[in-house]
Amino acid sequence: MWNRTLISKEISGCGISGIIHKKGKLISGEVIIKSICCQEERGNGLGAGFAAYGIYPGMENFYTLHVMAENSYALELVEELLAHQTFLNYQEPIPTRKVKTIKNPPLFKRYFVRPKFEGELTEICDELAEDNYIVKLVMEINTKIEGAYVISSGKNMGVFKGVGFPDEIAEFFRIEEYKAFIWTGHNRFPTNTPGWWGGAHPFTILDWSIVHNGEISSYGTNKRYLELFGYKCTLLTDTEVVAYILDLLIRRHGLPLKVACLALAPPFWMEIDEMSEERELLTAIRIIYGSAMLNGPFAILFAYNGGLVGLNDRVKLRPLVAAEKGDLVYMASEEAAIRAICPDPDKVWAPKAGEPVIVELEPNTIPNQRSYLKGRPREEDENELRVKCAYTPLFASK
Amino acid sequence: MGTPQFSTFYPDFYIERLENRCIKCKRCVKECTYEAHLWDEKKKILKEDHTKCIGCHRCEAMCPTKAIIIKPHPSQFREHANWTPWFIKNIYKQADQGGVLLTSTGCAVPIKNYFDHLVLDACQVTNPPIDPLREPMELRTYIGSKPSGIEVEEVNGKFRLKKPLPPLIKLEIPVMFAAMSFGAISLHVHQGLARAARDLGTLYNTGEGGLHASLYEYGSNTIVQCASGRFGLHVDYLNAGVAIEIKIGQGAKPGIGGHLPGEKVTEEISKTRMIPVGSDALSPAPHHDIYSIEDLRGLIFALKEATEYKKLVFVKIAAVHNVAAIASGIVRAGADAVVIDGLKGGTGAAPTMFRDYIGIPIELAISAVDKRLREEGLRHMTSIIASGGIRCSADVVKAIALGADAVYIGTAALIAVGCSMCQRCYTGKCPWGIATNNPELIKRLPPEVAYEKIYNLVHAWGHEIKEMLGAMGLNSIESLRGNRDKLRAVGLTKEEMEILEVKHAGEV
């Protein structure tokens, strides 16, 4: 059994890189490999990974579960659960290569599924309900099936990650054979040695994927906050909480992306107090989402079916550089990682602390495209309804 | 000769007078409210009655030539591990008088202090510590019930809050002053607390003794209390502050009401409390309109109605065995914040047995309440205020890491104004002019001095909290709330660590 009990929070330094083509043109995996390998010094061979969007054309309407398993028995358990809870369209082992330096890798398999709602054979077209269903399913596999982990669960996207240097992981998963309109890559320098493939980045939930350089000092607070909403942090790393917070704020609470970023890395009170129009909103964000704030040094890239976002912590304690060239936007820990794949960018800049770089695909570029620039209504919270009287006049006629 | 009074035979303290230093100025006689120092006019010498000394150290502090030393009385009983002088003397007192043992302050029994078994974290290498002298460091905290999330709308390309938040209280530092009534403590201390609260951006609590007319101007920094005695309670009082605290119980004496001995009820107190001069103000054990949780809900909303839903309603309970379930009920009953007062919480007057043996330590209570509210999906919608035994800024940090939003300090604030913990507040003779309303004695502590000392204390704690936060790599207090990662236990059992939800030091 993987020894996961030792580490409740990962501590590591890292290199990150991401590319997006705004018109949805597919980019070869070779590009991201080149960029992340350029930052080899930022890792120590104990973890690397890639997230790719647009890699399963023709399967866009199915949630793709990338499952990592310790043994075939764990996979059988997963398959049994999937048979009960999903319509399984297709399954196959994730193609890998033998790499000399990678010893005893886990098993990798992908499943293309749709949710099967209890008591109904017909599908429900409610996207939020379907997404919630998949989130629950992922939580169930991750917490209940020993030795099996879902490493990605979005539509038309997938994550490939493991223990090794980025070039080794890329070779193992045959990354150069995939083509995607968004790529993110990660190179890890953990200070502990979990030797666990699940601990590598990117981390995902649904089509959210995160690569992260930093340490989230507020982990304990964030984790407890997320538990209130049914998220269970099982991968034992602080990056996981970022994925879940984004999912909660954007998908479930319907906050516009920019507002969610403000919750993650809000301005200081002394800045908010000076604001005029925005003060009320910022104050509310800080009060209501204080426990979702990510405190500590970080630079993160997160991607979804439709966009790529780069964000620094509120005092910029980790590097992040962005660049543009035509329809391509690049973000990375170091400018060198960008120049390695785009020697002549139109514009290069270092985003300010807490100021997100949000790049979305042009509208209607891909199937199931998601856009989070605008807000949506908030999902109802059962508990809130029950204690609502706490702030709504009950006997008052006023 | 009448019946011997055993309790007077064996004094607790010994007054040592250094004759070579004493100038016979008689200052000690004037300072001692317990008449332990006597002037023998005939012999022109100073004498002492050790049995009357309560160990307040006032004479020692005020003696212009430092000629007095107060020490434990050297006379000793034969050693016995069970029958310590404390128990022997208490039995003498009760055998002499036939009464309930009375005392003041918080639990004096060395029941395990969990704060002292918790250590904090700091950043090294992987994560830079933040320097509060050079970077912003935020302690601001909002108290009250909150919605689970917000909704925004876009107006002219800008995001705006769709529905304003319910009323909330802003604290610039999550340290408030616990309920101490005017009556239990002097008006000067109340004035000092009120002014300090205003300048620090925090709140003080009137306690159950009403609000003196001179303090209405500090309304935006005031919590008014509604306790079972309803002393001094009228609609202007309820509307005077920013929050109303329903006091169900207090950590020093769970299960019983307040005690203000008639000796302390002076003219001013009588006016403020709306009771006759010299009458004992004993509030009943229960609120006689709250015999169940639904009655509490009734009172919460009655108070909200009376104040047009502009004031927050806190409910304060003593930390008892079932504190978590009770707290959850309180939140569901509509309270805006739950106040938990632990075993070590102080008081001006309590039966010794209650003070020392009833209730549970606040550290365990905070964690249990925080956990229960999280399990029930309510934690983010309410506030937890912890009190009872907070002695230093590290205790504040630990309480918040265990799940509190803010803390109350009471005893610490009184020590700041000179209290030496003699534990005789109930006599009304406080030689330091704190827990008294004797017009002569209160002059010993002018309001300006009280203000300055209390302000300084909390200001200093604020600095320390910022330094500790920075060392942990946090620049905002909300990232500490409930953050057990920042705590490790030293020398606690598995059960204790489970309740506190902390790991042992050495565990990663």
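Just so we're clear, the structure is a prediction, and the values are computed from it rather than from any experiment.

**Here's the deal with the overall build of chain A**
Across its full length, chain A holds 11 helices and 18 strands. Taken over 398 residues, chain A has a buried fraction of 63%. For chain A, the share of sequence-separated contacts (at least 6 apart) that also reach a separation of at least 24 residues comes to 76%. Surface accessibility of chain A: about 14,800 Å² in total, with carbon and sulfur atoms responsible for 51%.

**Focus: the overall build of chain B**
Scanning chain B for helices and strands turns up 14 helices and 23 strands. Viewed in the frame of its principal axes, chain B has a C-alpha envelope of about 90 × 55 × 40 Å. With 508 residues in all, chain B has 56% of them scored as buried. Sequence separation of at least 24 residues holds for 69% of the intrachain contacts in chain B that already meet a minimum separation of 6.

**Some points on the sheet that holds strand β6 (residues 118–120) of chain B**
Residues and elements named next belong to chain B. The strand order across the open sheet formed by three strands is β6-β22-β23, and the pairing between neighbours is mixed. What marks the edges here is a single partner per strand, and that holds for β6 and β23 (503–504). As defined by bridge partners, β6 adjoins strand β22 (residues 487–489) across three bridges and the pair is classed as antiparallel. Among the inter-strand pairings, L120 is bridged to a residue of β22, identified as L487.

**Concerning empty space enclosed by the protein**
It is a probe the size of a water molecule, rolled over the atoms, that shows where empty space is left. Counted under the stated rule, the structure contains eight cavities of 30 Å³ or more. In this model, the largest cavity occupies a volume close to 240 Å³. In terms of lining residues, the largest cavity is bounded by 18 residues, among which Y225 and S291 of chain A together with R379, H380 and R481 of chain B are the most central. Contributing elements (two or more residues each) for the lining of the largest cavity: α5 (219–227) and α9 (279–288) of chain A together with α10 (362–375) of chain B. Top element by residues in the lining of the largest cavity is α5 of chain A. It accounts for three residues. The class makeup of the residues in the lining of the largest cavity is four nonpolar, seven polar and seven charged.

**Here we look at the domain arrangement of chain B**
All names here are of chain B. Assigned domains within chain B: domain 1 (6–99) and domain 2 (141–504). Every contact between the two is made by 15 residues of domain 1 and, on the other side, 13 residues of domain 2. Between domain 1 and domain 2, a total of about 1,100 Å² is buried, with carbon and sulfur atoms accounting for 56% of that surface. For domain 1, the biggest contributors to the area lost against domain 2 are T33, Y34 and R58; these three give 45% of the whole. On inspection of domain 1 and its partner domain 2, the count reaches one salt bridge. Linking domain 1 to domain 2 there are seven residue pairs in polar contact (both at pLDDT 80 or more).

**Digging into the interface of chain A and chain B**
A common way to state how big an interface is: give the accessible area lost once the parts meet. The interface is formed by 63 residues belonging to chain A together with 60 residues belonging to chain B. Roughly 5,300 Å² is buried in total at the junction of chain A and chain B, and carbon and sulfur atoms are behind 58% of that figure. Contact with chain B buries surface across chain A, with R224, L228 and I288 of chain A losing the most and accounting together for 12% of the total. In this structure, E501 of chain B engages R224 of chain A in a salt bridge whose closest nitrogen and oxygen atoms are separated by 3.3 Å.

**Observations concerning the layout of surface pockets**
Residue and element names in this part refer to chain B. A volume near 1,500 Å³ is recorded for the largest pocket. Contributing to the lining of the largest pocket are 49 residues, with S7, D12, K93, R424 and Y426 lying nearest its centre. Counting residues per element, the ones that place at least two in the lining of the largest pocket are α3 (85–97), β5 (102–103) and α9 (352–357). At seven residues, α3 tops the list of elements feeding residues into the lining of the largest pocket. Partitioned by chemical class, the residues of the lining of the largest pocket number 20 nonpolar, 18 polar and 11 charged. Domain assignment of the residues forming the lining of the largest pocket places at least three in each of domain 1 (6–99) and domain 2 (141–504).

**Let's talk about the sheet that holds strand β11 (residues 203–205) of chain A**
Residues and elements named next belong to chain A. The strand order β11-β12-β13-β14-β18 describes an open sheet built from five strands, whose pairing is antiparallel. Both outer strands of the open sheet, β11 and β18 (357–360), are each paired with one neighbouring strand and no more. Adjacent strand axes in the sheet meet at a mean angle of 15 degrees when their direction is disregarded. Lying over the sheet, helix α6 (residues 238–252) contacts β11, β12 (208–214) and β13 (298–304), oriented at roughly 135 degrees with respect to β12.

**Side note on the pattern of salt bridges**
Pairs can form between side chains of opposite charge once their charged atoms are near each other. All names here are of chain B. Applying the stated criterion across every chain, the model contains 58 salt bridges over all chains. A salt bridge links R27 to E31; the nearest nitrogen and oxygen atoms lie 2.8 Å apart. Residue R27 and its partner E31 are both found in helix α1 (residues 27–31); the two are separated by four residues, about one turn of the helix. You can call R27 partly exposed: its relative accessible area is 32%. With a shortest N-O distance of 3.0 Å, E440 and K443 are connected by a salt bridge.

**Things to note about α9 of chain A**
The buried count for α9 of chain A comes to eight of 10 residues, which makes it a mostly enclosed element. By the burial criterion, the buried members of α9 of chain A are L281, L282, T283, A284, I285, R286, I287 and I288 of chain A. Where the residues of α9 of chain A are buried, they touch α5, α7 (257–264) and α8 (269–272) of chain A together with β7 (141–143), β8 (152–155) and β9 (158–161) of chain B.

**Concerning helix α13 (residues 447–471) of chain B**
Residue and element names in this part refer to chain B. The end-to-end C-alpha distance of α13, which contains 25 residues, comes to 36 Å, matching closely the 36 Å that a straight helix rising 1.5 Å per residue would cover. Within α13, the full set of buried residues consists of P447, A450, Y451, I454, V458, W461, G462, I465, M468, L469 and G470. Elements that come into contact with the buried residues of α13 comprise β6, β11 (175–177), α4 (187–200), α11 (393–401), β21 (406–409) and α12 (411–416). Of the residues flanking the end of α13, it is G473, one or two places downstream, whose phi is positive at about 80 degrees.

**Remarks on the pairing of strand β7 (residues 148–152) of chain A**
Residues and elements named next belong to chain A. β7 sits mainly inside the fold: five of its five residues count as buried. Where strand β4 (residues 63–69) lies against β7, four bridges are found, and the strand directions are antiparallel. Bridged to V67 within β7 is V150.

**Here we look at the side chain of E496 of chain B**
Residue and element names in this part refer to chain B. Following the sequence through the fold, E496 ends up in helix α14 (residues 494–500). For E496, a relative accessible area of 12% corresponds to the buried category. At a separation of 2.7 Å, a polar atom in the side chain of E496 contacts the main-chain amide nitrogen of T493. With residues up to four places along the chain from it excluded, the contact list for E496 reads K112 and Y114.

The rules behind the values
- Residues numbered from 1 in each chain as written.
- Chains lettered and ligands numbered in written order.
- Predicted model: local features only at pLDDT ≥ 70, side-chain atom pairs only at ≥ 80, totals over all residues.
- Heavy atoms only, no water.
- Helix = DSSP H or I, 4+ residues; strand = E, 2+ residues; numbered from the N terminus.
- Buried < 20%, exposed > 50% of the residue type's maximum accessible area, 1.4 Å probe, protein only.
- Contact = heavy atoms within 4.5 Å.
- Areas by Shrake-Rupley, 256 points an atom, 1.4 Å probe, with all protein chains shown as cover.
- Pairing = 2+ DSSP bridges.
- 1 Å grid on protein atoms, 1.4 Å probe; cavity = no way out; pocket = protein on both sides within 12 Å on 5 of 7 lines; lining within 4 Å.
- Points joined across faces, edges and corners; volume = space filled by probe spheres on them.
- Nonpolar A, V, L, I, M, F, W, Y, C, P; charged D, E, K, R; others polar.
- Domains from an automatic or database assignment.
- Buried area = accessible area lost by both parts, 1.4 Å probe.
- Salt bridge = Lys/Arg side-chain N within 4 Å of Asp/Glu carboxyl O.
- Polar contact = N/O pair within 3.5 Å; in protein donor to acceptor, adjacent residues only side chain to side chain.
- Axes fitted to C-alpha atoms, helices over the stretch in contact; angles between N-to-C directions.
- Expected span 1.5 Å × (residues − 1).

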